[in-house]
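Summary of the model geometry
Residues per chain are reported as follows:
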Amino acid sequence: MSKIGIFFGTDTGNTRKIAKSLAKKLGDAADAPVNINKASIDDLLKYDSLILATPTLGEGELPGLPAGGESESWEEFLPQFEDADLSGKTIALLGLGDQVSYGDNFADALGILYEQVKVQGAEIVGQWPTDGYDFSASKAVVDGKFVGLVLDQDNQEDQTDERLTAWLEQVKPALAKG
Ligand SMILES: Cc1cc2nc3c(=O)[nH]c(=O)nc-3n(C[C@H](O)[C@H](O)[C@H](O)COP(=O)(O)O)c2cc1C
């Protein structure tokens with residue numbers, strides 16, 4: 001069985017912390033998480049199964065320089081997907097956001113990343129219910145569900161570990177067969 005690749009973007013470090021926690025929970029099944037600003041598309045394509053994680057910055061934007069981030073991130077990486085064939089890849093997505101301060105753009109970047117990898121042919125797993133979150137609008141909601149796990153470290157940090165564990169149980173079988 002090949003390992004699961006974990007790639008993340010971050011501005012203030014929350015998503016890095018979550019990615020590390022994910023890797024720890026997955027143990028031998030996953031490689032160490034890599035910041036997307038240190039990765040190329042070939043690094044991602046080495047894996048059949050991936051977990052991609054992103055916070056939302058600016059007003060519903062991917063992390064990166066245009067959103068006011070400290071460094072390059074998913075925003076700058078995104079064009080690399082455009083020539084990539086992701087068919088046969090199984091991808092689970094994870095997004096961080098703040099539903100209280102950004103209730104109109106809650107976890108939008110997760111939705112932006114989802115659209116991109118879906119267009120390139122990946123199979124997306126790990127849809128997550130919106131119950132237990134309170135927000136007005138989110139690009140991460142498709143057909144009434146989040147397109148991946150959404151975590152809110154600003155307002156619901158106490159629920160993060162439980163959500164992560166439950167979501168991993170849900171996605172692990174699909175990622176393991178990848
Ligand atoms: C300047 C700024 C803009 C943000 N914009 C959004 C937003 O539009 N939507 C959202 O859900 N969260 C937004 N957030 C919240 C972050 O996504 C959240 O704090 C996240 O945990 C940050 O993750 P990081 O530490 O990995 O960068 C914003 C945070 C900051 C500081």
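These remarks concern the structure in this document. (Residues numbered from 1 in each chain as written. Predicted model: local features only at pLDDT ≥ 70, side-chain atom pairs only at ≥ 80, totals over all residues. Heavy atoms only, no water.)

Further remarks concern the overall build of the protein chain. Per the secondary structure count, the protein chain includes 5 helices and 9 strands. Listing each helix as α and each strand as β along the protein chain from the N terminus yields β-α-β-α-β-α-β-α-β-β-β-β-β-α. Its C-alpha atoms give the protein chain a radius of gyration of 15 Å, near enough to 16 Å, the size a compact globule of 178 residues would have. With the principal axes as the frame, the protein chain shows a C-alpha extent of 40 × 35 × 30 Å. (Helix = DSSP H or I, 4+ residues; strand = E, 2+ residues; numbered from the N terminus. Rg over C-alpha atoms; globule rule 2.2 N^0.38 Å.)

Moving on to the side chain of R163. In this fold, R163 is placed in helix α5 (residues 160-177). The buried charged residue R163 lacks any salt bridge partner; its closest oppositely charged side chain belongs to D152, at an N-O distance of 6.7 Å. Apart from residues no more than four positions distant in its own chain, R163 is found in contact with W128, G132, Y133, L149, V150, L151 and Q156. (Buried < 20%, exposed > 50% of the residue type's maximum accessible area, 1.4 Å probe, protein only. Lys, Arg positive; Asp, Glu negative; His and termini not counted. Salt bridge = Lys/Arg side-chain N within 4 Å of Asp/Glu carboxyl O. Contact = heavy atoms within 4.5 Å.)

What follows is about the sheet that holds strand β6 (residues 128-129). Spatial strand order, β6-β8-β7: 3 strands in an open sheet with antiparallel pairing. Among the strands making up the open sheet, the edge pair consists of β6 and β7 (141-142). Where β6 meets strand β8 (residues 145-146), 2 bridges bridge the pair, whose relative direction is antiparallel. For W128, the partnering residue across the bridge sits in β8 and is F146. (Pairing = 2+ DSSP bridges.)

Another aspect to go through is the pairing of strand β4 (residues 90-96). Of all 7 residues that make up β4, 7 are buried, and the element is covered over most of its length. In the sheet, β4 pairs with strand β5 (residues 123-125) via 3 bridges, with the strands oriented parallel. Following the sheet pairing, I91 is matched in β5 by I124. In terms of handedness, the path from β4 via helix α4 (residues 108-119) over to β5 forms a crossover that is right-handed. Where β4 and strand β9 (residues 149-151) come together, 3 bridges link them in parallel fashion. Paired with L96 across the two strands is L151, which belongs to β9. (Right-handed = clockwise from strand over helix to strand, strands pointing away.)

This next bit is on the pattern of salt bridges. In this structure the tally under the stated criterion is 5 salt bridges. Notably, a salt bridge pairs E157 with K17, separated by 3.8 Å at the nearest N-O pair. With a gap of 140 residues between them, E157 in the loop between β9 and α5 and K17 in helix α1 (residues 14-26) connect regions that are remote in the sequence. In this structure E157 comes out as partly exposed when scored by relative accessible area, which is 45%. Where D161 meets K25, a salt bridge forms, and the shortest distance between an N and an O atom there is 2.8 Å. Within this pair, whereas D161 is found in helix α5, its partner K25 is found in helix α1, the two being separated by 136 residues in sequence. On the basis of relative accessible area, D161 is assigned to the partly exposed category, the value being 45%.

Moving on to α1. In this model α1 runs 19 Å from its N-terminal to its C-terminal C-alpha over 13 residues, within 8% of the 18 Å that 1.5 Å per residue would give. Within α1, the full set of buried residues consists of T15, I18, A19, L22, A23 and L26. For α1, the angular spread of buried residues about the axis comes to 140°, placing them on one side. Residues K17, K20 and K24 are exposed on α1 and point more than 90 degrees away from its buried face. (Expected span 1.5 Å × (residues − 1). Arc of directions from axis to C-beta.)

This part is about the packing of α1 against α5. Two elements in contact, α1 and α5, have axes separated by 11 Å at closest approach and are oriented at 50°. Judged by the angle between their axes, α1 and α5 are oblique. In this structure, α1 meets α5 at a crossing whose hand is right-handed. When α1 is examined against α5, the residues I18, S21, L22, K25 and L26 are found in contact with a partner set consisting of T160, D161, L164, T165, W167, L168 and K172. Residues of the contact of α1 with α5, tallied by class, amount to 6 nonpolar, 3 polar and 3 charged. (Axes fitted to C-alpha atoms, helices over the stretch in contact; angles between N-to-C directions. Parallel < 35°, antiparallel > 145°, perpendicular 65-115°, else oblique. Left-handed = near helix turned anticlockwise from the far one by under 90°. Nonpolar A, V, L, I, M, F, W, Y, C, P; charged D, E, K, R; others polar.)

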